[in-house]
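Architecture at a glance
One-letter residues, chain by chain:
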Amino acid sequence: MKKPLILFASAEVTPFAKVGGLADVAGSLPPAIKQLGYDIRIVMPKYQTISEKDWGLVDSGKNIEMPWGQEKLTARVWTATLPNSTVTVYFIEEKRFITSGGIYIENDASSGGSDPEFARINVFCSAIPELLRIFSLEPDIIHLNDWHVGLLPAFMQNAGYQTKHLLTVHNLAYQGIYPAKFAKKTINAVLEKINPLAINNGNINTLLNAILSAEKINTVSPSYRDEILTTEFGAGLEGFLGKRAKDLSGILNGINTEEWDPKNDAHIAFHFDVSSLENKARNKERLQKEVALPVEKNAMLFGMVSRLSEQKGFDILIPSLRSILKKASCQVVILATGSLYIADQIKELKKEFPLKVAFIDKFNNALAHQIYAGADTFLMPSRFEPCGLSQMISMRYGTLPIAHLTGGLKDTVKNNKNGFCFNKYSSDKLSVCLKDSLKIFKDNQKKWGQMQRQAMTEDFSWNASAKKYVQLYEKLADEA
Ligand code: GLC
């Protein structure tokens, strides 16, 4: 039987445009699926921030026309090959709404609510059925990712397509809710193809529309799959998800094991693997110098690369750090941007412990690699975590994660084996966990080394998960 053709739709794709983990998945899952012999192509918006030259984008010379309210918009299609793969990427360039700015219009990359953001993302969606027509592409499945493309099934239906959809939910907290009033003015014809349950109080919930329209839904870890059926984690959508439970699965994300490889990482000074962990210590020294912390071999260095958002657990982390920094020989380095409110609290901590805290609130990919490589432990006390990629990355570098047992953290971190975990989300429980890690670090280097080796040899590649996606595609394509 012919293998299904897949179109993978995502608003973020590494390395072209990245804010969060969505981009990393969109840049590494499609090549893994292609390796299994499937034709999979990516479609994404061409933001102003995407350099044609750096990424070798080619102008296809083809235009797309689409209605937008009373007007007609024209988009241009560009193509490129995803670096280190053979996956074709289609970029939709539209000068007025899409290619006039970066990925998000809202500062905090939230799922917005503003008209310009609705326009940017839905001009993109409206171009997709036309792209398929012009390129004579007939995908069997459209793989939707997150709220950005939540209305795409309605655009497809409106254009007369019966293509099936798989929705991957990367984070239920972001739903993309927009006033229906603006939609009426711009995409009125498509409005009646939106599931009426997704329109509530005059607002369209774009993620909910995809939850109601896609034939199959998955989320990015088995544990998060179960959690989102509860009121605690369902973000108000648990009832709708419950009704779709038989079509809802959980597939753990993988990471790009070539990009994240301590043996071969261009951003770190000393390469290492399980048999040369002494080089990890040299990276630690380098990192301490780099972020202006005293070079102290025996001080535990907690690392963190994160987004400054409530999800990531700063409300319990800051009090825990405050008490542990007072008592123990340890340091912390945090690389993160986002909420100014959280940034202020970390700056406050830095004032109290100037020689123990380093805080870098700028995007810096090289430093991220250096923290993964040079820290002893990696902080991940997330309140909730759909999958989380950082704990898997840190483990590959022998940096033991300290994690709250939730979502994908529950599926990857094993207490006292490849990291340290706590079950109840509280500062007290986190503090106990920090102390446990300090104790083993100080008193039992042998065990520490064993845990590092265990962490470094876990298989976090896409191999197993890409096979699960392919099974889902096959099932979906087969179903009448
Ligand atoms: C989101 C989630 C994160 C997940 C990523 C990729 O960023 O918060 O847990 O790993 O998407 O699926």
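Residues numbered from 1 in each chain as written. Predicted model: local features only at pLDDT ≥ 70, side-chain atom pairs only at ≥ 80, totals over all residues. Heavy atoms only, no water.

1. Points about the site of the ligand
The environment of the ligand is made up of 14 residues, and the closest members are His 170, Asn 253, Glu 385, Cys 387 and Gly 388. Separating an oxygen atom of the ligand from a side-chain N or O atom of His 170 is a distance of 2.6 Å. Measuring from an oxygen atom of the ligand, one finds a backbone N or O atom of Cys 387 at 2.9 Å. Calculation on the ligand without its partners gives an accessible area of 310 Å², and the protein chains cover 93% of this total. Element by element, the count of residues in the shell around the ligand is highest for helix H1 (residues 21–35), at three residues. Tallied by class, the residues present in the shell around the ligand amount to six nonpolar, six polar and two charged. Per-domain counts for the shell around the ligand show at least three residues from each of domain 1 (6–254 + 463–478) and domain 2 (278–456). (Near = heavy atom within 4 Å. Polar contact = N/O pair within 3.5 Å; in protein donor to acceptor, adjacent residues only side chain to side chain. Areas by Shrake-Rupley, 256 points an atom, 1.4 Å probe, with all protein chains shown as cover. Helix = DSSP H or I, 4+ residues; strand = E, 2+ residues; numbered from the N terminus. Nonpolar A, V, L, I, M, F, W, Y, C, P; charged D, E, K, R; others polar. Domains from an automatic or database assignment.)

2. What to know about unusual backbone geometry
A cis amide bond, omega 5°, links Thr 14 with the succeeding residue Pro 15. Even without being a glycine, Asn 84 presents a positive backbone phi close to 60°. Counting through the fold element by element, Asn 84 comes out in the loop between strand E4 (71–81) and strand E5 (88–93). The backbone of Ala 292 shows a phi angle near 60°, a positive value even though the residue is not glycine. If you trace the backbone, Ala 292 turns up in the loop between helix H10 (278–290) and strand E13 (300–308). Look at Ala 292 and you get exposed, because its relative accessible area is 59%. (Buried < 20%, exposed > 50% of the residue type's maximum accessible area, 1.4 Å probe, protein only.)

3. Looking at the pattern of salt bridges
Applying the stated criterion across every chain, the model contains 24 salt bridges. With its nearest N and O atoms 3.4 Å apart, the salt bridge here joins Asp 140 to Lys 2. Separated by 138 residues along the polypeptide, Asp 140 in the loop between helix H3 (115–134) and strand E6 (141–145) and Lys 2 in the segment before strand E1 (6–9) bring together distant segments of the chain. In this structure Lys 2 comes out as exposed when scored by relative accessible area, which is 61%. Measuring nitrogen to oxygen at the nearest pair gives 3.2 Å for the salt bridge that ties Lys 216 to Glu 479. (Salt bridge = Lys/Arg side-chain N within 4 Å of Asp/Glu carboxyl O.)

4. Description of the domain arrangement of the chain
By the assigned domains, the chain splits into domain 1 (6–254 + 463–478) and domain 2 (278–456). For domain 1 versus domain 2, the distance between C-alpha centres works out to 33 Å. Counting residues at the interface gives 16 residues for domain 1 and 15 residues for domain 2. Between domain 1 and domain 2, the buried area comes to about 1200 Å², and carbon and sulfur atoms account for 62% of it. (Contact = heavy atoms within 4.5 Å. Buried area = accessible area lost by both parts, 1.4 Å probe.)

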